[in-house]
Amino acid sequence: MLPPLQGEVRWGWVTHSLLRRANFTMNILVIGGGGREAALVHKISQSPKVTHLFCAPGNAGISAHAICVPIAVNQISALVQFAKENQIDLTVVGPEIPL
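First things first, this report covers the structure right here in the doc. (Residues numbered from 1 in each chain as written. Predicted model: local features only at pLDDT ≥ 70, side-chain atom pairs only at ≥ 80, totals over all residues. Heavy atoms only, no water.)

Overview of the sheet that holds strand S3 (residues 26–32)
So the rule is basically this: Pairing between two strands requires that DSSP report at least two bridges joining them. A run of H or I in DSSP counts as a helix once it spans at least four residues, and a run of E counts as a strand once it spans at least two, with each numbered from the N terminus. Contacts were defined at the residue level, with two residues in contact if any of their heavy atoms lie within 4.5 Å. To obtain each axis, a line is fitted to C-alpha atoms, and for helices this fit is confined to the stretch in contact; angles are then taken between N-to-C directions over 0 to 180 degrees.
With parallel pairing, the four strands of this open sheet are ordered in space as S5-S4-S3-S6. Two strands in the sheet have a free side with no partner beyond their single neighbour: strand S5 (67–68) and strand S6 (90–93). In terms of strand pairing, strand S4 (residues 50–57) meets S5 through two bridges, oriented parallel. Within S5, the position partnered with cysteine 55 by the bridge is cysteine 68. Against the sheet, helix H2 (residues 35–44) engages S3, S4 and S6, with an angle of about 165° to S3.

Let's talk about the state of the cysteines
Note the following rule: Pairs of cysteine sulfur atoms within 2.5 Å are what we label disulfides. Under the scheme applied here, a residue whose accessible area is under 20% of the maximum for its type counts as buried, over 50% as exposed, and between as partly exposed, the area being computed with a 1.4 Å probe on protein chains only.
Under the criterion given, the structure shown has zero disulfides. In this model cysteine 55 remains outside any disulfide bridge; the closest cysteine sulfur is found in cysteine 68, 5.6 Å from its own. On the basis of relative accessibility, which here comes to 0%, the residue cysteine 55 falls in the buried class.

So, the side chain of asparagine 27
As a reminder of what qualifies: Here a polar contact is taken to be a pair of N or O atoms separated by no more than 3.5 Å, where protein atoms must pair a possible hydrogen donor with a possible acceptor and residues adjacent in sequence count only if both atoms sit in side chains.
Checked against the element boundaries, asparagine 27 lands in strand S3. A relative accessible area of 12% means that asparagine 27 is categorised as buried. Here the side chain of asparagine 27 touches histidine 52 through a polar contact of 3.1 Å, side chain to side chain. Looking at asparagine 27, its side chain comes within polar contact range of the main-chain oxygen of asparagine 86, at 3.3 Å. With residues up to four places along the chain from it excluded, the contact list for asparagine 27 reads Thr51, His52, Asn86, Gln87, Ile88, Asp89 and Leu90.

Listed below in structure tokens is the structure:
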């Protein structure tokens, strides 16, 4: 693997600059249903790189920006299954419980 260029951040084989230049979109899952997750969903939903934005379990305010999925934050196996079935590219965990 090549060393990162100046101002470039690497995540495995994907670089931040590659993500900016690449013409692809992502399915994103945000886990949680509080104010922190509402703020995250609001900002993530503004990105043109987002194809589908899901939130588990979400809330009424979050549902304006994301598809709410009725899976509790402590149901890890159900969250993993949902992520696999919906080809989730990125998961953002808000609360500490699932960590």
